[in-house]
Structures are given as structure tokens and as C-alpha cells.
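Remarks on the overall topology
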Amino acid sequence: MRFVDEFRSPELISKTAEEIRRLAGSERHYRMMEVCGGHTHAIYRFGLKDILPENIELIHGPGCPVCVLPMGRIDDGLALAQDPNVIFAAFGDMMRVPGTQGSPLEHKARGMDVRIVYSPSDALKLARLNPERHVIFFAIGFETTAPSTALTLMRAKAEGIRNFSVFCNHVTIIPAMRAILAAPDMRLEAFIGPGHVSTVIGCRPYEWIAKAEHKPIVVSGFEPLDILQSVVMLLRQLNAGEAKVENQYKRVVPWEGNASALKAMAEVFALRPHFEWRGMGFIPESALSLREEYAEWDTERRFTVPGIRVTDPKAAQCGEVLRGVLKPHQCKLFGRECTPERPVGALMVSSEGSCAAYYNYEHRKATAPSALTMIA
Amino acid sequence: MCLAIPGKIIEVSSLISDPSGHGSSWSPSSGLVEVAGVRRRIDLGLLEDDKPVPGDWVLIHVGFAMSKISEQDAADQMNTLRMLGEIDGAMQEVEGYGLEDVN
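Keep in mind it's a predicted model, so treat the numbers as computed, not measured.

Let us now look at the overall build of chain B. The helix and strand tally for chain B stands at two helices and five strands. Of the regular secondary structure in chain B, the N- to C-terminal order runs β-β-β-β-β-α-α. Taken across its 103 residues, chain B has 46% of its residues classed as buried.

What follows deals with the overall build of chain A. The helix and strand tally for chain A stands at 17 helices and 13 strands. Relative to its length of 376 residues, chain A is compact, with a C-alpha radius of gyration of 21 Å against a globular reference of 21 Å. Across its three principal directions, the C-alpha atoms of chain A cover 65 × 45 × 45 Å. Going through the 376 residues of chain A one by one, you find that 55% of them count as buried. Here the analysis covers contacts within chain A between residues at least 6 apart in sequence; of these, 76% occur between residues at least 24 apart.

A few words on the domain arrangement of chain A. Residue and element names in this part refer to chain A. Taken as a whole, chain A is organised into domain 1 (4–64 + 174–255 + 317–375) and domain 2 (67–172 + 258–302). With 22 residues of domain 1 at the contact, the number on the domain 2 side is 21 residues. Of all the secondary-structure elements, those providing two or more residues to the side of domain 1 that touches domain 2 are β2 (56–63), α9 (173–182), α10 (196–201) and α15 (318–322). Looking at the side of domain 1 that touches domain 2, the element that brings in the most residues is α10, giving five residues. For the side of domain 1 that touches domain 2, the class distribution of residues is 15 nonpolar, seven polar and no charged.

What follows concerns the sheet that holds strand β3 (residues 86–90) of chain A. Residue and element names in this part refer to chain A. In spatial order, the strands read β4-β3-β5-β6; together these four strands make up an open sheet with parallel pairing. The open sheet is flanked by β4 (114–116) and β6 (164–170), the only strands paired with a single partner. For this sheet, the mean angle separating the axes of adjacent strands, direction not counted, is 25°. Relative to strand β5 (residues 134–141), β3 runs parallel, the two being bridged by four bridges.

Take the confidence of the model for chain B next. Residues and elements named next belong to chain B. Mean pLDDT over chain B stands at 85; residues scoring 70 or higher make up 81%. Of all the helices and strands in chain B, strand β2 (residues 24–35) carries the lowest mean pLDDT, 76, while strand β4 (residues 57–61) carries the highest, 97. For the stretch residues 21–26, pLDDT sits under 50, and the model shows 13 contacts to residues farther than four places along the chain or on other chains.

All names here are of chain A. In this model, helix α12 (residues 224–240) (17 residues) spans 25 Å end to end at C-alpha, consistent with the 24 Å of a helix rising 1.5 Å per residue. Judged by how many residues are buried, α12 sits mostly within the fold: 13 of 17 residues are covered. Positioned one or two residues after α12, G241 has a phi angle of 70°, which is positive.

Residues and elements named next belong to chain A. Topologically, V349 is positioned in the loop between α15 and α16 (354–367). Residue classification places V349 among the buried residues on the basis of 25 C-beta atoms within 10 Å. Residues V349 and C338 lie 11 residues apart in sequence; the distance between their C-alpha atoms is 9.5 Å.

Residues and elements named next belong to chain A. Along β5, eight of the eight residues are buried, which leaves the element largely enclosed by surrounding structure. Every second residue of β5 is oriented toward a common face, with H134, I136, F138 and I140 on one face and V135, F137, A139 and G141 on the other, all of them buried. Sheet analysis places β5 next to β6, joined by seven bridges and oriented parallel. What sits directly across from F137, in β6, is V166. Handedness of the β5-helix α8 (residues 146–159)-β6 crossover: right-handed.

Another point: the interface of chain B and chain A. Listed by partner, the interface residues are 38 residues for chain B and 45 residues for chain A. Sorting the residues of the side of chain B that touches chain A by element identifies β2, β4, β5 (64–69), α1 (71–83) and α2 (87–96) of chain B as the ones contributing at least two each. In terms of residues, the side of chain B that touches chain A owes the most to one element, α1(B), which gives five residues.

Below, the discussion takes up the environment of A:P65. Position of A:P65 relative to the elements: it lies in helix α4 (residues 65–68). By the C-beta count within 10 Å, which is 26 here, A:P65 ends up buried.

Let us look at the sheet that holds strand β7 (residues 190–193) of chain A. Residue and element names in this part refer to chain A. Strand order across the open sheet formed by five strands is β2-β1-β7-β8-β9, with parallel pairing between neighbours. Of all the strands in the sheet, the pair left with one neighbour each is β2 and β9 (245–247). On average, each strand axis in the sheet is inclined to that of its neighbour by 20°, with strand direction left out of account. The pairing of strand β1 (residues 30–36) with β2 spans six bridges and is classified as parallel. Pairing of C36 across the sheet is with G63, part of β2. Against the sheet, helix α2 (residues 37–45) makes contact with β1, β2 and β7, and its axis sits at roughly 120° relative to β1, the strand it touches most.

A:A89, A:I136, A:F138 and B:I60 are the most contacted members of the largest nonpolar core, which has 148 residues in total. Two domains each donate at least three residues to this core, and these are domain 1 (4–64 + 174–255 + 317–375) and domain 2 (67–172 + 258–302) of chain A. Look past the residues within four positions of B:I60 in its chain and what remains in contact with it is B:A4, B:I5, B:G7, B:V33, B:I42, B:A65 and B:M66.

This next bit is on the packing of helix α1 (residues 10–23) of chain A against α12(A). Residues and elements named next belong to chain A. It is at 9 Å that the axes of α1 and α12 come closest, and there the two elements cross at 25°. Relative to α12, the element α1 is oriented roughly parallel. The handedness of the crossing between α1 and α12 is left-handed. When α1 is examined against α12, the residues L12, I13, T16, A17, E19, I20 and L23 are found in contact with a partner set consisting of P224, L225, L228, Q229, V231, V232, L235, R236 and N239. Taken together, the residues of the contact of α1 with α12 break down into 11 nonpolar, three polar and two charged.

How each quantity is defined
Residues numbered from 1 in each chain as written. Chains lettered and ligands numbered in written order. Predicted model: local features only at pLDDT ≥ 70, side-chain atom pairs only at ≥ 80, totals over all residues. Helix = DSSP H or I, 4+ residues; strand = E, 2+ residues; numbered from the N terminus. Buried ≥ 20, exposed ≤ 12 C-beta atoms within 10 Å, placed from the backbone. Rg over C-alpha atoms; globule rule 2.2 N^0.38 Å. Contact = placed C-beta atoms within 7 Å. Domains from an automatic or database assignment. Nonpolar A, V, L, I, M, F, W, Y, C, P; charged D, E, K, R; others polar. Pairing = 2+ DSSP bridges. Axes fitted to C-alpha atoms, helices over the stretch in contact; angles between N-to-C directions. pLDDT = per-residue confidence, 0-100. Expected span 1.5 Å × (residues − 1). Right-handed = clockwise from strand over helix to strand, strands pointing away. Core = buried A, V, L, I, M, F, W, Y, C linked by C-beta atoms within 7 Å. Parallel < 35°, antiparallel > 145°, perpendicular 65-115°, else oblique. Left-handed = near helix turned anticlockwise from the far one by under 90°.

In C-alpha cells, the structure reads:
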């Protein structure tokens, strides 16, 4: 019960849960995907699955940037950082992600100059502070992070800082959703849309999902009440046979997105013809590279990148879990060979990965009912 | 990485002074924010169309303000981070901005 008093509007959560039960009162089975890893984490942490009726199934989507990064890209980045003149800078999230020869943190322990930064602008600062070295910033993330990398590159160019480059692994969410919808085993009916990606891209880029695919999508916040309200909005649409884009997270997400952020991205980035997603294979126009004007700050143009390709272990069924065909615990490796401490598959790596979230929180169900179950 | 950190704008300026002695670097827009008592400089360049002023609350992602929010939403977001068990990670991130406590 320790969380109960801390939730915003517990009485409203209770009412919303009741409304969900009423709306889902039929025999119908509802399959919804939460696209964003932050939502996946929140759903498990808050025990939201416990208060949803059994005929509402939440499928965990690909919106965890660490999880979808192919191991070969990590190997590529670390291979470049073997050069003693190079400082390898990356977000803390990346540090434990395994490459074939170990994670960035393990490479650091072996003497590689690996630095954690919390902002791309601090990677640029490292370059300013170490003019005799070259700083490679290992950039990851969806549209939430890409504008910050873009602005940092604009600053590097404006200041003429040439000992800095970006190894760009930024990906975009829409093509991944397109790939999921196009998969032959796709059985999804609706989407809980990402919250903070949408502060940048707005809601319009989702319109094709409603219009062409006839699937409802609701952009959602991260609080328990936000997610439950989004489920209500989706159920109302599904029951009425409608398919619209709706914005539950209006207090943060403008319908048109963030124009400054989109402008910075357009200035710096171009779409790659295709990019490999871990567990999902190559997806066309799903990732960003630096434009010609920024070639001097592009790690892939400044250095010879080995282009390492690593096949995921066959037994790991990350792709099936990502597409919602399998539950995390249905994978053959789950909880045995593959754990958050020693991840084999991509989805076990980050707290936003569905396997790690499932592993960390699902066992609580067995020991005690969640706080939300009590108030709902 | 999807979670954002709420902060209050304390000061807005266009110059990031570099304490290392390597001179100052000009940034079109930066600001001092306070997150749970910790003050750090962040980049406001992604809010050029809707510039925040001191006293405004913003959501911060990787050292950049991404959107303006209300004070109540900021408090709710802080609470969400706490409930998600992400508050320590969030504060570690904020404290690390500007390479203050790392490297």
C-alpha cells in the first residue's frame, strides 16, 4: 500500500479503472501496444496490468533505444575507441550494454578512455577541454534525444570544434510502427502513443495509423492515471469502431510538436536508406545520419567504421517479443540464460526494455497485490 | 531515456562561461535551472519559439529543455519519477550536467 497516497487522484484512478471494466465488459479481446519503453516501465512498476481486465492485453513496443541498437553498432563504436587518441563518450544507459567483447564499462576497466556524459553538449565540452584528443559521441535515442544531438552539432560547427564527431545511431519511431503493422503475424488493434517523442514530432505523424491502418492511437503521459485514461480513450474508439489520433498528454505534448527541435533535426540529419534494428531486422528510412554539411563531424565519414554485423543468438526471441507475438517469459532464454544482470537479448538490457521490466516487477504479483489493485 | 526531468528556470543567458579556463563559448540560449535544490546550466535552444523566462518550469531531457510545463505538472512529474524508482538516476543525471561530478 505504500504507493497509494502518492498517486495523483487515487479516487480518479479508481473511477477510471471502473470505467475500463465497464467499457471492456464484453467477450471481446483487446490488444494494445504501448510503443514507448517508458510506458512499459511504468505499466510494470505501477502494477497496471493487475487492474486491467484479462481481456485487455498490453503488448510492449520497440520504443527503447538501447534495446533496439544492434550489437554490431556497439562493436563498431568500441573498435574506433581502441585508438588511444579517442575519447569515447556515451550516455550512462549505454555503459552496460554488451558488445561481443564486453560493454563500454568493461572496455573502460581494460583501459579504454570511456566517459559517461549526461548531455550531448557535455561530449562537446569534453572536446573543448581536450583539444589534442578526438571525442566520439555515441549518439542513441529516438526523436526525444535527436534534436539535442542536432543542436550540439550546430554548436560544434559554429564554433569550429573539429576534434569532435558523432557516431549517429538515432532512430525514428514511425518507421518502426510501420514495420510492426506490416508484419504478417501482427494482431494489434490500437496504440498507446509515446509521450516525450511526441513533444518533438507532435501528433500529426501518427495520422496514417488512424486513416490508412484504421487503428486508434492515443498519445499518453506516464502517470498511472494518464495510462489508464489512455486505455479508456482507446476502448471508447474501439467500441465505436472509430480510429482517430487523440492526445491524452496535452499538458506536455502540443499537437504540432516542437518546431525548433524539428528545425534543428532537419538542418543536421538526413534519413538513412535503411538501418538494422535489433530483433526486427533492417527497416527502411528508420534512422538518421548526418547531412553532407556536417560530414566533418560525422564519425562514419571521419573514421573507417568496421561495419561489424552480429547475429543475435538464435534462441533469443527478441523479435517475437517486440512484435507482441510472444510474452517476455515465453522466450526460451528468459530468466535463465538471459537476465538483467547478464542480458543476452536486447530487451533485457535497459529498465525500459520489456523483458527487464517483466523480470524486475512481475514477480511482485506472486508476493503481494500491487498498490493499484488495492485502490482500484 | 524516455523520462524527462522537471526543473525551474532561475536565470536565462546567452553565454555559457567555461570554468576550465578555456574561454567562454557562446550559446544562442542557455539557462540556469534548479531541480530539487540542485542548480545546473542547461540548453534552452530547443525552446526558441517559446522562450522560457525565470520562474517558468520546463521538462529537461539530456541537458536540453524540451517543453514548458506548469508548476503542478512539474511536481507531478517529480512524483512520477520517484514512484518509478528513477529519482536517483534523474538527480545523478542533473548533477552530472556540465561534467560537474564525473570524469
